[in-house]
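Fold and contact review
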Amino acid sequence: MLHLIVPAKAEYLSLVRLVVASVAGDAGFTDDNVADIKVALSEASTNVVRHAYPEDFDREKKTVEINCYEEPGQLRIEVMDRGRGIPLPPPATEGLGLGIMGSLMDQVDVETGSTGTSVVLVKRPSNDRHSFHA
C-alpha cells in the first residue's frame, strides 16, 4: 500500500502522478493503462485543489490524501480531501472530470459530505476502456 498526503496545491500533483504511475508500472500495468491511471488521478486530485476547500479554510489543513492498493487483478486508488464536499451529481459545467475518469477506469466511486470527499478509482490491467460506474 502507498499512502501520501500532500498540500492541496497544483505543484504537488505531478509528484503524486509519478509515484502512483511507478506503483502501477511495478504492478505490471501496460504503458497505456498507466497513462489512463495518470489522467484519471490528475482529474481527481485537481478537483481537490480547485474545489474542495473554501478560501478561509486553514491553509495547513488543505491536503490531498492518496491511498494506492495493489489488489489481486486490479489497482485501487483513493483520492481524499477534508473539504466541504461536492453536490452529486455535480453541475454539468463541473462534472466533466468524472466522465473522463469513468471512461479511463474500470470503476469510479464517489462519496462526499460536509467533512470531505473520497474518489475511488479502480483499474484492472487490460487494453479495453470502460464507462463510468456510479
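Attention in this report is confined to the structure presented alongside it. Since this is a predicted model, take the numbers as computed values, not measurements. (Residues numbered from 1 in each chain as written. Predicted model: local features only at pLDDT ≥ 70, side-chain atom pairs only at ≥ 80, totals over all residues. Heavy atoms only, no water.)

Digging into the environment of Ile77
- Relative to the elements of secondary structure, Ile77 occurs in strand E3 (residues 74-80).
- What makes Ile77 buried here is its relative accessible area of 0%.
- Residues Ile77 and Ile66, spaced eleven residues apart in sequence, show a C-alpha to C-alpha distance of 6.9 Å.
- Those residues in contact with Ile77 that lie beyond four places of it in its chain are Val20, Ile37, Leu41, Ile66, Asn67, Cys68, Val119, Val120 and Leu121. (Helix = DSSP H or I, 4+ residues; strand = E, 2+ residues; numbered from the N terminus. Buried < 20%, exposed > 50% of the residue type's maximum accessible area, 1.4 Å probe, protein only. Contact = heavy atoms within 4.5 Å.)

Describing the nonpolar core
- Formed by 30 residues in total, the largest nonpolar core has its most connected members in Val20, Ile37, Ile66, Ile77, Val79, Met101 and Leu121.
- Going through the elements one at a time, strand E1 (2-7), helix H1 (13-26), helix H2 (31-52), strand E2 (63-71), E3, helix H3 (96-104), strand E4 (107-113) and strand E5 (116-123) are the ones with two or more residues in this core.
- If one sorts the elements of this core by residue count, H2 sits on top with seven residues.
- Once you skip the residues sitting within four places of it in the chain, Met101 turns out to touch Ala40, Glu43, Ala44, Asn47, Val108, Val119 and Leu121. (Core = buried A, V, L, I, M, F, W, Y, C linked by side-chain atoms within 4.5 Å.)

With respect to the sheet that holds E5
- Taken together, the five strands give an open sheet; going across it, the order is E1-E2-E3-E5-E4, and neighbouring strands pair in antiparallel fashion. At either end of the open sheet lies a strand with only one pairing partner, and these are E1 and E4. Direction aside, the axes of adjacent strands within the sheet are offset by 15° on average.
- The pairing of E3 with E5 spans six bridges and is classified as antiparallel. Paired with Glu78 across the bridge in E5 is Val120. (Pairing = 2+ DSSP bridges. Axes fitted to C-alpha atoms, helices over the stretch in contact; angles between N-to-C directions.)

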